[in-house]
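Coordinates in review
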Amino acid sequence: MSKEIRVSDLVEKIQAYHPTADVALIQRAYDFSNEVHQGQKRLSGEPFFIHPMAVADLIADLKLDVPSIVGGLLHDTVEDTLATLDQVRAIFGPEIAGLVDGVTKLSQINFTSREEKQAENFRKMILAMAKDIRVILIKLADRTHNMRTLDHLPAEKQLMTAQETLDIYAPLAHRLGIAWVKDELEDLALKHLHPEIYYQLKRNVAKKKAAREKYINEVIGLIGKILEAEGIDGEVTGRPKHFFSIYQKMENQNLLYDQIYDLVAFRIIVDTVRECYEALGVIHSQWKPVPGRFKDYIALPKPNMYQSLHTTVIGPYGERMEIQIRTQEMHRVAEEGIAAHWRYKEGKDFQFNDIQKFAWLRQLLEWQQNVEDPQEFLHSIKEDLFADEVYVFTPKGDLIGFPKGATAVDFAYRIHSEVGHHCSGARVNGQLLPLKYLLRSGDTVEIITTHQQTPSRDWLKLVKTPRAKSKIRNWLKSQQRERSVALGRELLEGDLGRHKLEYATLRREGKIESIAKELGLKDEEALLASVGYGRITPRHVLAKLLPPEKLDGGKKPAEGALERLFRIVSGQKRDLGVKVKGVGDVLVRFARCCHPLPGEPVTGFITRGRGVTVHVSTCSTVLESDPHRRVEVTWDEGEQTPRPIKIEVSCIDRPGLLAAISAAITGADVNIARAQVRTFPDQKALNTFEVLITHSDQLRRVLSSIAKVKGVYKATRARG
């Protein structure tokens, strides 16, 4: 059950950092929210009002201003009660109404899919966030409390919310520099997405607690003495890494828990920047640094304004030891993030300094303006928020940040769309290099363009930034659309001519535009493109112009070979277990690039002459396709036919482990069709299993079952 927070506790917490806070306004918001939520219950059975109070308390932990606290108390009033935004505006003013509106979901609009709804809600939140950064801080507090109480939701909703938290909200907390919120959200997401791993880590960490605390205290004492001997006054602390960061290390490096040594991070806090570098020199002279593990975030701060020196050394007992060195002010920014940039002056409201420093927020705004497709928009946000950065210089000396793995093409598109479209090479540090060159921190890059050069589909494999991907996709889509419009007109003119009808005349009379509207299409061009794609047949258009007897010549036409094939195929389509919305009997097949499973969100893609190919909605092939060629596809409710899916299992190479993994698979009521084992010199193995799966839930159970086998690093589904 949630801890009950009284309004007096909340006020006391706020007054500790904001002595002249408007207590009357907080009390008024408390009373209003309590009244409109009266009688509502959470799924836990607790009164609903516990939630807005907990959110307001978390906002006070972030040391935000009174409007933010009030926004937290009122954040669900418009969405979940009969209260209206106009009512909130009349009582609390436009500033607070704007915050409440920013965190209120778009529940009044009908969306075609869950993905579209999710994307449009994020789009709305980003726009509100750009106007007022406090919107996202209220939303993060809301999500943190919801994650703390996630156990009461149905299992499917738990997984969905945890994944969304890991994809969007934890990275947003990181981008805003609020480390404690990021860490908590990641750990809670891990608990629900991989409970067996989470609880195993919890047991392992608890088992070694006494030894770890002894080690931390010993190292703190050692570092303190070394600094004191050199005349450096520094505060030294040590803390265990959070569960999700340990899990990531196990995943990325194929390690078991016992093989990870730097489970503790030490921190040295000094008074000046000069002392940071002096302390670093002292540490490196005492213990050997690990090559490639030193990062200077003081000279080159992270995009969230985080500053610190990071180094890893071989410390006492030959164990790796991570050390962070920073000043008091840097530490405040690292802990509080964006909240550290709020300033309170006696008699004045809080003000936020330098929102423009958040370049990534400007990029998010740019994507929401340029990327129409909801799935591509969501995918872009997820990709960018997670990215580690490299920093490169323009020929004029401007510093630009890019995600790790970005190429010269990404750089070209950052300069200008036209530079990107026509880039043919790059001069990096004075040397001529190909477009696939991976950018490195410190590079000076100049792009070479030629008018003949245009984007190709292969460029999508070269680029890393959502901006470049979006620009290339849009260019390819426009080329594809132009070809489809031309083909559609040619097909339509041919069929109209056979019935002695002229396209130009019908167009002049406004009939083509009218038919487009009747068929639910935007305009004449959209109609022609749909005919060109094969989404609409010329017969659909003729049916709007001619009576049935003229269209069919007064009798039902004989069934041709193609119709017979479609009739046969339509029977197969039901066996495949999918329904295609808005398309008649048509050949349906599953994509080999992503092997969709019942239970996963899917999208259909029309290919002329090859019917509809069903992809997982997040598949890169779908994201790169023209949205006009996509059709809505849903799974049939009936019994599904098992489908072959590949699973990859990384593990240690020891006798009996293959048998244990096989037993875990068959124990989950899944048949193994094929198995392949590859061993490596470092006593590791990669096992590939082809298993027969009927539903995504069944696949999750199998992967969970395999992950519990001792000696397994990770079990994942193989794509492609």
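Residues numbered from 1 in each chain as written. Predicted model: local features only at pLDDT ≥ 70, side-chain atom pairs only at ≥ 80, totals over all residues. Heavy atoms only, no water.

1. Overview of the overall build of the chain
Per the secondary structure count, the chain includes 31 helices and 22 strands. For the chain, the proportion of its 720 residues judged to be buried stands at 51%. A fraction of 66% describes how many contacts in the chain between residues 6 or more apart in sequence connect residues 24 or more apart. Total accessible area computed for the chain in this model is approximately 35,700 Å², and 51% of it derives from carbon and sulfur atoms. (Helix = DSSP H or I, 4+ residues; strand = E, 2+ residues; numbered from the N terminus. Buried < 20%, exposed > 50% of the residue type's maximum accessible area, 1.4 Å probe, protein only. Contact = heavy atoms within 4.5 Å. Areas by Shrake-Rupley, 256 points an atom, 1.4 Å probe, with all protein chains shown as cover.)

2. What to know about the side chain of Ser-696
Position of Ser-696 relative to the elements: it lies in helix H31 (residues 696–707). Overall, Ser-696 belongs to the buried group, its relative accessible area being 7%. Ignoring anything within four residues of it in the chain, the contact list for Ser-696 reads Leu-597, Pro-598, Gly-599 and Glu-600.

3. Observations regarding the environment of Leu-492
Within the secondary structure, Leu-492 is located in helix H22 (residues 466–498). Overall, the relative accessible area of 0% leaves Leu-492 in the buried class. Each C-alpha atom of the pair Leu-492 and Arg-539 lies 8.7 Å from the other, and the pair is 47 residues apart in sequence. Apart from the residues within four sequence positions on either side, Leu-492 is in contact with Tyr-503, Leu-528, Pro-538 and Val-541.

4. Remarks on the pattern of salt bridges
Summed over the entire model, instances satisfying the criterion amount to 25 salt bridges. A salt bridge links Asp-183 to Lys-182; the shortest N-O distance between them is 3.5 Å. Residue Glu-493 pairs with Arg-489 through a salt bridge whose shortest N-O separation is 3.0 Å. On the criterion of helical spacing, the pair formed by Glu-493 and Arg-489 is a turn pair, its members being 4 residues apart in helix H22. (Salt bridge = Lys/Arg side-chain N within 4 Å of Asp/Glu carboxyl O.)

5. Side note on the sheet that holds strand E14 (residues 578–580)
Spatial strand order, E14-E18-E16-E17-E15: 5 strands in an open sheet with mixed pairing. Each having just a single partner strand, E14 and strand E15 (588–590) make up the two edges of the open sheet. Shown here is a sheet whose adjacent strand axes are inclined to one another by a mean of 35°, direction ignored. In the sheet, E14 pairs with strand E18 (residues 630–635) via 3 bridges, with the strands oriented antiparallel. Of the residues in E18, the one forming a bridge with Val-580 is Val-633. (Pairing = 2+ DSSP bridges. Axes fitted to C-alpha atoms, helices over the stretch in contact; angles between N-to-C directions.)

6. Some remarks on the pairing of strand E17 (residues 611–616)
Taken across its 6 residues, E17 has 6 buried, putting it largely inside the fold. In this sheet, E17 lies alongside E15 in parallel orientation, the contact comprising 3 bridges. Residue Phe-590 lies in a different strand from E17, and its bridge partner there is Val-614. Alignment of strand E16 (residues 602–607) against E17, held across 6 bridges, turns out to be antiparallel. Paired with Ile-606 across the strands is Val-612, a residue of E17.

7. Some words on the confidence of the model for the chain
Atom-level detail of predicted coordinates should not be read off regions where pLDDT is low. Per-residue pLDDT for the chain has a mean of 82; in total, 83% of the residues score no lower than 70. Low pLDDT, under 50, characterises residues 344–348; the predicted model gives this stretch 5 contacts beyond four residues in sequence or across chains. (pLDDT = per-residue confidence, 0-100.)

8. A short note on the packing of aromatic side chains
Per the stated rule, a full pass over the model turns up 10 aromatic pairs. For the pair Phe-32 and Phe-92, a centre-to-centre distance of 5.6 Å together with 75° between the ring planes defines the contact as edge-to-face. Pair noted here: Phe-32 is in helix H2 (residues 23–36) and Phe-92 is in helix H6 (residues 85–92), with a separation of 60 residues, a long-range link. Here Phe-32 matches Phe-92 in class, with each residue buried. Ring plane angle 20° and centroid distance 5.8 Å describe the contact between Phe-590 and Trp-635, whose orientation is recorded as stacked. Taken together, the residues span a long stretch of sequence, with Phe-590 in strand E15 and Trp-635 in strand E18 at a distance of 45 residues. Note on accessibility: Phe-590 and Trp-635 belong to one class, buried. Members of the aromatic cluster, connected to one another through ring pairs, are Tyr-198, Tyr-199 and Phe-243. (Phe/Tyr/Trp six-rings, centres within 6.5 Å; stacked < 30°, edge-to-face > 60°.)

9. Points about the nonpolar core
Counting 74 residues, the largest nonpolar core has Leu-74, Phe-92 and Ile-136 as the members making the most contacts within it. Non-local contacts of Ile-136, meaning those with residues more than four positions away in its chain, are made with Met-125, Met-129, Leu-172 and Leu-176. (Core = buried A, V, L, I, M, F, W, Y, C linked by side-chain atoms within 4.5 Å.)

10. Section: the sheet that holds strand E21 (residues 684–693)
Reading across the sheet, the 4 strands line up as E20-E21-E19-E22 and stay open at both edges, with antiparallel pairing between neighbours. Among the strands making up the open sheet, the edge pair consists of strand E20 (671–680) and strand E22 (712–717). With direction set aside, neighbouring strand axes in the sheet form an average angle of 15°. Bridge analysis of strand E19 (residues 643–652) against E21 gives 10 bridges, and the strand direction is antiparallel. By the bridge assignment for E21, Ile-645 is matched with Val-691.

11. Concerning the pairing of strand E9 (residues 389–393)
When a strand is regular, its side chains alternate between the sheet's two faces. Bridge count between E9 and strand E10 (residues 399–403): 5 bridges; the pairing is antiparallel. Each residue of the ladder has a partner; that of Tyr-391, found in E10, is Gly-401.

12. Considering the packing of H2 against helix H4 (residues 66–74)
At a minimum axis distance of 9 Å, the contact between H2 and H4 shows a crossing angle of 10°. As far as their axial angle goes, H4 and H2 are roughly parallel. Residues Leu-25, Ile-26, Ala-29, Tyr-30, Phe-32 and Ser-33 of H2 form the contact with H4, whose own contacting residues are Val-66, Val-70, Leu-73 and Leu-74. Class assignment of the residues belonging to the contact of H2 with H4 gives a composition of 9 nonpolar, 1 polar and no charged. (Parallel < 35°, antiparallel > 145°, perpendicular 65-115°, else oblique. Nonpolar A, V, L, I, M, F, W, Y, C, P; charged D, E, K, R; others polar.)

13. So, the packing of helix H1 (residues 7–17) against H2
Viewed as axis vectors pointing N to C, H1 and H2 meet at an angle of 145°, and their least axial separation amounts to 11 Å. Relative to H2, H1 is oriented so that their crossing is right-handed. Every residue of H2 that contacts H1 at Val-7, Leu-10, Val-11, Ile-14 and Gln-15 is listed here: Val-23, Ile-26, Gln-27 and Tyr-30. Considering only residue class, the contact of H1 with H2 consists of 7 nonpolar, 2 polar and no charged. (Left-handed = near helix turned anticlockwise from the far one by under 90°.)

14. Some thoughts on H2
The end-to-end C-alpha distance of H2 is 20 Å, a good match for the 20 Å that 14 residues give at a rise of 1.5 Å each. Where the residues of H2 are buried, they touch H1, helix H3 (50–61), H4, helix H5 (77–80), H6 and helix H7 (94–103). Two or three places before Ala-24, at the start of H2, stands the capping residue Asp-22, its side-chain oxygen 3.3 Å from that residue's backbone nitrogen. (Expected span 1.5 Å × (residues − 1). Polar contact = N/O pair within 3.5 Å; in protein donor to acceptor, adjacent residues only side chain to side chain.)

15. Structural notes on H3
Counted at 1.5 Å a residue, the expected span for H3 with its 12 residues is 16 Å, and the 17 Å between its end C-alpha atoms agrees. Most of H3 is tucked away: 11 of the 12 residues are buried. Of all the positions in H3, only Ile-50, His-51, Pro-52, Met-53, Ala-54, Val-55, Ala-56, Asp-57, Leu-58, Ile-59 and Ala-60 are classed as buried. Contacts made by the buried residues of H3 are with H1, H2, H4, helix H9 (134–148) and helix H11 (179–193). Once H3 ends, the next one or two residues include Lys-63, with phi positive near 60°.

16. Focus: the environment of Leu-699
With respect to the helices, strands and loops of the structure, Leu-699 is situated in helix H31. Along the chain, Leu-699 and Ile-645 lie 54 residues apart, while their C-alpha atoms are 8.8 Å from each other. Each residue touching Leu-699, except ones within four places of it in the same chain, is listed here: Leu-597, Ile-645, Ile-647, Ile-693 and Arg-717.

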